[in-house]
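Observations on the three-dimensional arrangement
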Amino acid sequence: MTKLDLAIRGGNRCHGCGYIPRGCGIRAGRIVAVAAEIEERPARSTPPACWCFPGGIDSHVHIAQPSGPDVVMADDFASATAAAAAGGNTCIMPFALQQRGMSLRRCVEDYVRRARCECPQRNRVCFTVRRVR
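Our subject in this report is the structure included herewith.

Calculation criteria
Residues numbered from 1 in each chain as written. Predicted model: local features only at pLDDT ≥ 70, side-chain atom pairs only at ≥ 80, totals over all residues. Heavy atoms only, no water. Helix = DSSP H or I, 4+ residues; strand = E, 2+ residues; numbered from the N terminus. Buried < 20%, exposed > 50% of the residue type's maximum accessible area, 1.4 Å probe, protein only. Contact = heavy atoms within 4.5 Å. Pairing = 2+ DSSP bridges. Phe/Tyr/Trp six-rings, centres within 6.5 Å; stacked < 30°, edge-to-face > 60°. Expected span 1.5 Å × (residues − 1). Core = buried A, V, L, I, M, F, W, Y, C linked by side-chain atoms within 4.5 Å.

Bringing the environment of Arg22 into the picture now. When you line up the elements, Arg22 lands in strand β2 (residues 18-27). Given a relative accessible area of 29%, Arg22 falls into the partly exposed group. In this structure, the C-alpha to C-alpha distance between Arg22 and Ile38, residues 16 residues apart in sequence, is 8.5 Å. Not counting chain neighbours up to four residues away, the residues in contact with Arg22 comprise Gly10, Gly11, Asn12, Arg13, Val34, Ala35 and Ala36.

Here you go:
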């Protein structure tokens, strides 16, 4: 086995029912080991008693969204997903604004096309329907 680049020892792995003591080994930017004790001693290790959380989910973000005449959100999909990952989020759920006079189908198609061009990772679409009286 190739040596670890980083060992996280003495961590508390959080999950839905609390936490369990766990460490993890990282090689080439990927988690390759999760165990109660990480035996290998790489050059870099974290201090004991840290908290290890799963990636976060940001369920309402505005990316490349028109906000008025000649005004668009500063982040595009490439910069927004990079910033989310740097902050520990592994999933974002962008809000697609349906502008007045635009069909819902066109709104979603345009937004998905932009997302796929700028950020070719997996994309999913979900809808929230609000009735206007």
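Structure's up, so let's keep going.
Before going further, it helps to examine the pairing of strand β3 (residues 30-35). Counting buried positions over the 6 residues of β3 gives 0, only a small fraction of the element. Where β2 and β3 come together, 5 bridges link them in antiparallel fashion. Looking at the pairing, Gly25 lines up with Ala33 of β3. Taking the residues that link successive antiparallel strands as the turn, the β2-β3 hairpin has 2 residues, and the phi of Ala28 there is positive, at about 55°.

Now for the environment of Ala7. Position of Ala7 among the secondary structure elements: in strand β1 (residues 6-15). Given the relative accessible area of 0%, Ala7 is considered buried. The spacing of Ala7 and Arg27 is 20 residues in sequence and 9.0 Å in space, taken between C-alpha atoms.

Attention now goes to the packing of aromatic side chains. Counting across every chain of the model gives 1 aromatic pair. An angle of 70° between the planes, with centres 5.2 Å apart, marks the rings of Phe77 and Tyr111 as edge-to-face. One end of the pair, Phe77, is in helix α1 (residues 77-86); the other, Tyr111, is in helix α2 (residues 104-118), with 34 residues separating them in the sequence. Overall, the relative accessible area of 8% leaves Tyr111 in the buried class.

The end-to-end C-alpha separation of α2 is 21 Å, in line with the 21 Å expected for 15 residues at 1.5 Å each. Residues of α2 that are buried include every one of Cys107, Val108, Asp110, Tyr111, Val112 and Ala115, and no others. Contact partners of the buried residues in α2: α1 and β9 (89-94).

Before going further, it helps to spend a moment on the nonpolar core. Counting 7 residues, the largest nonpolar core is built from Val61, Ile63, Ala64, Phe77, Ala80, Tyr111 and Ala115. Going through the elements one at a time, α1 and α2 are the ones with two or more residues in this core. Other than its neighbours up to four places away in sequence, Tyr111 contacts Ile63, Ala64, Phe77, Pro94, Phe95 and Ala96. Ranked by size, the runner-up nonpolar core spans 5 residues in total, among them Leu6, Ile8, Cys24 and Ile26.

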